[in-house]
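So you can see what is in the structure, the chains are spelled out below.
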Amino acid sequence: MLIPKTMPLLRGITRKGLIPRQLARNLYSVDGVFEKYLESSMMVEMEKHWRPKIKDKLRKVDPSQPKYYVLSMFPYPSGKLHMGHVRVYTLSDAFAHYYRMNGYNVIHPMGWDAFGLPAENAAIENKVNPKEWTVKNIEKMREQLLDLGCSFDWEREIATCDPAYYKWTQYIFLEMYKAGLVFQRESVVNWDPVDQTVLADEQVDHNGCSWRSGAQVEKRPLRQWFFKTTKFAKSLLEGLDDPTLVNWRDIIKAQSNWIGACDGTKIEFKVESSDGTVKDNISVWTKTPEYICATQFIAIHPQHIINYQYPNQKLEAVNPFTGEKVPVLVTEELEYDYGSQTILGTPSLNQDQVQFAQNNGISCEKVIIEERNGVKYLVNSAQFTGMKLEEGKEAVMSAAERMNIGGYPVSSNLQDWLISRQRYWGTPIPVIHCTDCGSVPVPEAELPVELPYLEGLTDKGVSPLLEAKDWLHTNCPNCGKAAMRETDTMDTFVDSSWYFLRYLDPQNKDEPFSQEAAKLMPVDLYIGGKEHAYLHMYFARYFTHFLHSIGKLPVREPFSNLITQGMVKGQSYRIKGTKQYLAPDKVEEVDGKFVTKEDGSAVVVEWEKMSKSKHNGVDPSLLIDKYGCDTVRMMMLTNVSPQTERNWSEKEYVGMRNLQIKLWKMVSQVLELQNENLPELRYDGEMDEFRAKLREAKNQNLRLINFNYHVTRNTAVVMARIHAMCSAAWVVPGQVKRDAPEFQEILGSLIICLAPIAPHFCSELWAGLASSPTKTFHDFAWDKGVFEQDWPSLDSTFNLPIKVRGNNTDLCVLNVARWRFNELTEEDAFDLACHNHTVQEKVLPHDITNKHFKIHKDFEITLNLEYAKSEQAKVELTPEQIEEVRAKRAEEKEAKKAAKLKRQKRREELQKHLQEVNSNKAAISIRDQKKYS
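Small disclaimer: the values here were computed from a predicted structure and weren't measured.

Caption draft 1: How the structure looks around the overall build of the chain. Of regular secondary structure, the chain possesses 29 helices and 35 strands. Considered along the principal axes of its C-alpha atoms, the chain spans approximately 110 × 95 × 65 Å. Here the chain, with 933 residues, has 52% of them falling under the buried criterion. The long-range fraction of contacts in the chain, counting pairs at least 24 apart against all pairs at least 6 apart in sequence, stands at 72%. When the accessible surface of the chain is split by element, carbon and sulfur atoms take 48% of a total near 44,500 Å². On the chain, the mean spot of the 117 positive side-chain charges and the mean spot of the 125 negative ones are 6 Å from each other.

This is the structure we're talking about:
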């Protein structure tokens, strides 16, 4: 299409077919010309240019440097990124870039949590195989992550539905089987009537509904597979005290409550009926296992699985240590411990059980305790006779563990992990059922047990694997007779409980990961949604504790530092008094209130979880096409901390656009002002003042940027400090921008600090800045890209604070030059504090009982002095001394007031000067002001 001569050439507009490619805005990285103005369309253009190049521009790190493993929770391949994905993967990518630029060997992988119900339900709906649906979605989402500018190591990519991955899930299952941690039993389970499958207790919400479908869960008995997670209960509880766990507070609280106090144990009894028709087992929780030889009955709750299986049957339990048989009684009369459905009946030692025992004709006279010299001993207690109670408790638990009938510490409420799912699209459980040999594990050499390919899924009611006859029927590995494969598949949480280990050695065909790869654990920074963290991280911890126990891992805890990011919410519009949601274009604002366009009905405006039904979802791809991925990343990480819920609004764009324009303009000025004649500064020494202010602005803001990147993980503060640095550099006169090394330093530092968040934009800015023929600052590697630069550092003479406190009350702040600061010890800090008059007056007259010293390098030191006020220190002041103290305080107050007035006057003078600078045509032209106002 030809453009009429009368049509203005709107540079940068990229509507297809309207403007020839050569009329698009120039990019310095393409044609060597750095444009004076930043058009919004240029963001998309520069991203297209830089996206394939950034990987090659990443800093080449010395292999001898320490590793840093940045991991984001891998997504389910639904086929479309949502704004929650944008948040977690932007965070992940920003921190990966940050640590690369700080010299670490960064591990930053990506993969797919590809098994599960949504794929199977979609396959049933669309009459396709779940694999085809999943692979297609993975391809789409991988493309979207690339569009988001994420620097994942795609050579480590995994998908849990790949047999090369789930072969090793099955291998770990068999390792647990060998360790006695896998078992199958009848259980009253949570049944999802919509998805037609079992849910673990943790997958049912507080209203008794399915975490996935939302359906009201039913209780029904089924034979299921379990992992004996309770055996690691104490280890998992103690692991929460590991000092390497940072930012774990919410997770520690949740998992501590979940695991509970491991103040008891479970012991398994054989159960049988008098006619011999019943043979089963029952696990009984007790806080006093040393009393087991006094057991005279076992009480079970009516909802216990034994009662479901054998209703109205007279059952007896066999004491595993004495061989005595005791009745099993179903009752609600007794009080069960929290979460438990069993009671070890010892009425001779428990007064609360006496009446119940008498009502059921059970003797309360059995003696197993004898007191000698005030010490209680066990008698009539089989092999434990003669032991003190505590000694007997440990002996009973040890004997039970040797007999593989329990004995490990566990709380009354913690249950084993039910992993069976009655579905097709999951990891097959590697077990074969033989009529002669029972349940037999598949030999390791025959792994993986692959899912058979099914053309189409039509029904949720029956496991599709029952219909795969050729796959289902096999031979027993033990006896060779005809047998059948297990048709249950594993809960998808099993797949996601070890994926971070496979990332470290994804091509290994001989084992899930090598011992060398295992040395790269733990994950240094784990990022994911809080709503997923609690359940997933409990199971992942169980896996690593187990693998550590068998010598496969050098660490027990898989994740060190956490970012559990808050949900991204969208604004919804609902007709008041109803549940009818409206699309935004159906609503208007009238006199500050929202109403429907159709009839003016009142509308309730809320921030809610994004969903199609509420018309408040946002398509990230549309945003990226509109603003560019770097702008979206900057908008996502500004204003609120990652841990806080984010109310998504495009209003953030104005602030990001202004920042981009200012940075672009300052790079342009570095190039433009090189050969311009500029007016002299107003007085001698003014240049030195501006240089000092730029140094101070760089150091003060960089101090906070580094602390928030490395310690608090608060990217909102990082962005705020970048804005502050930009403002400090923006207002200096043109002569300073041209001649002061500090201006190039602060501008270069700004670009480097923003690069992890906006990698393409900063790559282009750096290319332009590095093209300046005059380099006034010489500490940057100007011949290299932005991601190859050393991370900016504080000046060695910059003062950093030591905050001194006394009994948790602020006393004073001492300043120490950075070159000395990072080497300070507790005693060094105390010596400096002792020279301060406030510390001398308030602390030193007393006995110092403790010192708490904490240093954050390049940021601050806190020293809290705990002291006890001695009687000698209580001195009564005379009236003259009191008056002297009052006069001194009044003098200090006046001095502070005068200093405040002086600062105010100086600010007014500076503001006036800045106004003069902004009107200086040589520094910033009138045209520029209009353009960027």
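Having seen the structure, we can now continue with the description.
Caption draft 2: Here's a closer look at the environment of E589. Mapped onto the elements of the fold, E589 is located in strand 28 (residues 587-590). We classify E589 as exposed; its relative accessible area is 52%. As a C-alpha pair, E589 and V603 span 14 residues in sequence and 9.5 Å in three-dimensional space.

Caption draft 3: Structural context of the packing of aromatic side chains. Across all of its chains, the model carries 45 aromatic pairs by this definition. Taking the centre distance of 5.5 Å and the plane angle of 80° together, the rings of F227 and W417 count as edge-to-face. With F227 in strand 7 (residues 218-227) and W417 in strand 17 (residues 417-418), this residue pair connects regions lying 190 residues apart in the sequence. Ring centres 6.3 Å apart and planes at 65° place the aromatic pair W417 and F543 in the edge-to-face group. In this pair, W417 is assigned in strand 17 and F543 in helix 16 (residues 530-549), connecting sequence segments 126 residues apart. Like W417, the residue F543 is buried in the burial classification.

Caption draft 4: Quick peek at the sheet that holds strand 19 (residues 431-434). Taken in spatial order, the 4 strands make up an open sheet running 20-19-22-21, and their pairing is antiparallel. Either end of the sheet is taken by a strand with one partner, and the two such strands are strand 20 (438-441) and strand 21 (473-475). Across the sheet, the mean angle separating the axes of adjacent strands is 40° when strand polarity is ignored. The sheet contact formed by strand 19 and strand 20 spans 4 bridges and is antiparallel. In the sheet register, V431 faces strand 20, and the bridge partner there is P441.

Caption draft 5: Expanded view of the pattern of salt bridges. Per the stated rule, a full pass over the model turns up 35 salt bridges. The residue R574 makes a salt bridge to E606 at a minimum N-O spacing of 3.4 Å. One end of the pair, R574, is in strand 26 (residues 568-575); the other, E606, is in strand 30 (residues 603-609), and 32 residues separate them in sequence. We classify R574 as buried; its relative accessible area is 17%. For the salt bridge of K851 with E827, the shortest nitrogen-to-oxygen distance reads 3.7 Å. With K851 in strand 34 (residues 847-856) and E827 in helix 26 (residues 826-833), the pair connects residues that are 24 residues apart, well separated along the chain.

Caption draft 6: Quick look at the nonpolar core. Ranked by size, the top nonpolar core spans 202 residues in total, and within it F173, F227, Y499, F500, F559 and L663 carry the most contacts. With near-sequence residues (within four places) excluded, F227 lies in contact with F173, M176, L181, V182, F183, D416, W417, I419, V494, Y542 and F543. With 30 residues, the next largest nonpolar core counts I267, A317, V326 and A395 among its residues.

Caption draft 7: Structural context of unusual backbone geometry. For the bond from L447 to P448, the omega torsion is 0°, close enough to zero to count as cis. Residue position: P448 is located in the loop between strand 20 and helix 12 (469-472). Of the consecutive residues M521 and P522, the connecting peptide bond is found in the cis state with omega at 5°. Note on placement: P522 falls in the loop between helix 15 (515-518) and strand 24 (523-529). Phi is positive for A382, close to 50°, though the residue is something other than glycine. Following the sequence through the fold, A382 ends up in the loop between strand 15 (375-378) and helix 11 (389-402). Even without being glycine, N404 reaches a positive phi, approximately 60°. Looking at where N404 falls in the secondary structure, it is placed in the loop between helix 11 and strand 16 (406-410).

Caption draft 8: View of helix 20 (residues 686-712). The end-to-end C-alpha distance of helix 20, which contains 27 residues, comes to 37 Å, matching closely the 39 Å that a straight helix rising 1.5 Å per residue would cover. Just past helix 20, the residue R713 takes up positive phi, approximately 65°.

Caption draft 9: Region of interest: the sheet that holds strand 24. Read across the open sheet, the 4 strands follow the order 2-1-24-25; overall the sheet is parallel. With partners counted over all chains shown, the strands left at the sheet margins are strand 2 (105-107) and strand 25 (559-565), one partner each. Strand-to-strand twist across the sheet, computed as the mean angle between neighbouring axes with direction ignored, equals 20°. Relative to strand 24, strand 1 (residues 67-72) is paired through 3 bridges, and the arrangement is parallel. The residue of strand 24 that forms the bridge with L71 is Y526.

Caption draft 10: Structural detail: helix 24 (residues 759-770). Its 12 residues give helix 24 an end-to-end C-alpha distance of 16 Å, which sits within 8% of 16 Å, the value for a rise of 1.5 Å per residue. Listed in full, the buried residues belonging to helix 24 are P759, H760, F761, C762, S763, E764, L765, W766, A767, G768, L769 and A770. Where helix 24 is buried, its residues touch helix 1 (28-31), helix 2 (40-57), helix 3 (83-101), helix 18 (629-636), helix 19 (652-672) and helix 23 (741-754).

Caption draft 11: The confidence of the model for the chain, seen in detail. Here the chain shows a mean pLDDT of 89. Residues at 70 or above account for 93%. Confidence drops under pLDDT 50 across residues 921-933; counting only partners more than four residues distant or on other chains, this segment forms 24 contacts.

Caption draft 12: Structural detail: the side chain of R738. On the secondary structure map, R738 appears in helix 22 (residues 734-739). A distance of 2.8 Å separates polar atoms of two side chains, one belonging to R738 and the other to D739. Setting aside its immediate chain neighbours within four residues, R738 contacts L673, Q674, E676, L678 and T776.

Caption draft 13: Quick look at the packing of helix 19 against helix 21 (residues 715-730). At a closest axis distance of 10 Å, the pairing of helix 19 and helix 21 adopts a crossing angle of 40°. Overall, the two elements helix 19 and helix 21 adopt an arrangement that is oblique. Helix-helix and strand crossings are classified by hand; for helix 19 and helix 21 the assignment is left-handed. Residues G655, M656, L659, K662, L663, K665 and M666 of helix 19 lie in contact with helix 21, whose contacting residues are M719, I722, H723, C726, S727, A729 and W730. Residues that form the contact of helix 19 with helix 21 fall into these classes: 9 nonpolar, 3 polar and 2 charged.

Caption draft 14: Representation of the packing of helix 18 against helix 24 within the structure. Packing of helix 18 against helix 24 leaves a shortest axis separation of 7 Å and a crossing angle of 115°. Between helix 18 and helix 24, the residues in contact are C629, D630 and R633 and P759, H760 and F761, respectively.

Caption draft 15: Highlighting the side chain of S72. You can see S72 is positioned in strand 1. Other than its neighbours up to four places away in sequence, S72 contacts V88, Y89, S92, M110, F152, Y499, Y526 and I527.

Caption draft 16: Broad picture of the pairing of strand 28. With 4 bridges joining them, strand 28 and strand 29 (residues 593-596) adopt antiparallel strand pairing. By the bridge assignment, E588 is partnered in strand 29 with V595. Hairpin connection of strand 28 to strand 29: 2 residues between the antiparallel strands, including D591 at a positive phi of 55°.

Caption draft 17: Molecular detail of the pairing of strand 10 (residues 297-300). In strand 10, alternate side chains face the same way, and those of F297 and A299 on one face and I298 and I300 on the other are all buried. Alignment of strand 10 against strand 13 (residues 342-345), held across 4 bridges, turns out to be antiparallel. What sits directly across from I300, in strand 13, is T342. Across 3 bridges, the pairing between strand 10 and strand 12 (residues 325-330) is parallel. Across the sheet, I300 pairs through a bridge with V330, a residue of strand 12.

Caption draft 18: View of the environment of S771. Its place among the elements puts S771 in the loop between helix 24 and strand 32 (799-806). When the C-alpha positions of S771 and T342 are compared, they lie 77 Å apart, and in sequence the two are 429 residues distant. Looking at S771, its side chain comes within polar contact range of the main-chain oxygen of G768, at 2.5 Å.

Procedures and definitions
- Residues numbered from 1 in each chain as written.
- Predicted model: local features only at pLDDT ≥ 70, side-chain atom pairs only at ≥ 80, totals over all residues.
- Heavy atoms only, no water.
- Helix = DSSP H or I, 4+ residues; strand = E, 2+ residues; numbered from the N terminus.
- Buried < 20%, exposed > 50% of the residue type's maximum accessible area, 1.4 Å probe, protein only.
- Contact = heavy atoms within 4.5 Å.
- Areas by Shrake-Rupley, 256 points an atom, 1.4 Å probe, with all protein chains shown as cover.
- Lys, Arg positive; Asp, Glu negative; His and termini not counted.
- Charge placed at Lys NZ, Arg CZ, Asp CG, Glu CD.
- Phe/Tyr/Trp six-rings, centres within 6.5 Å; stacked < 30°, edge-to-face > 60°.
- Pairing = 2+ DSSP bridges.
- Axes fitted to C-alpha atoms, helices over the stretch in contact; angles between N-to-C directions.
- Salt bridge = Lys/Arg side-chain N within 4 Å of Asp/Glu carboxyl O.
- Core = buried A, V, L, I, M, F, W, Y, C linked by side-chain atoms within 4.5 Å.
- Expected span 1.5 Å × (residues − 1).
- pLDDT = per-residue confidence, 0-100.
- Polar contact = N/O pair within 3.5 Å; in protein donor to acceptor, adjacent residues only side chain to side chain.
- Parallel < 35°, antiparallel > 145°, perpendicular 65-115°, else oblique.
- Left-handed = near helix turned anticlockwise from the far one by under 90°.
- Nonpolar A, V, L, I, M, F, W, Y, C, P; charged D, E, K, R; others polar.

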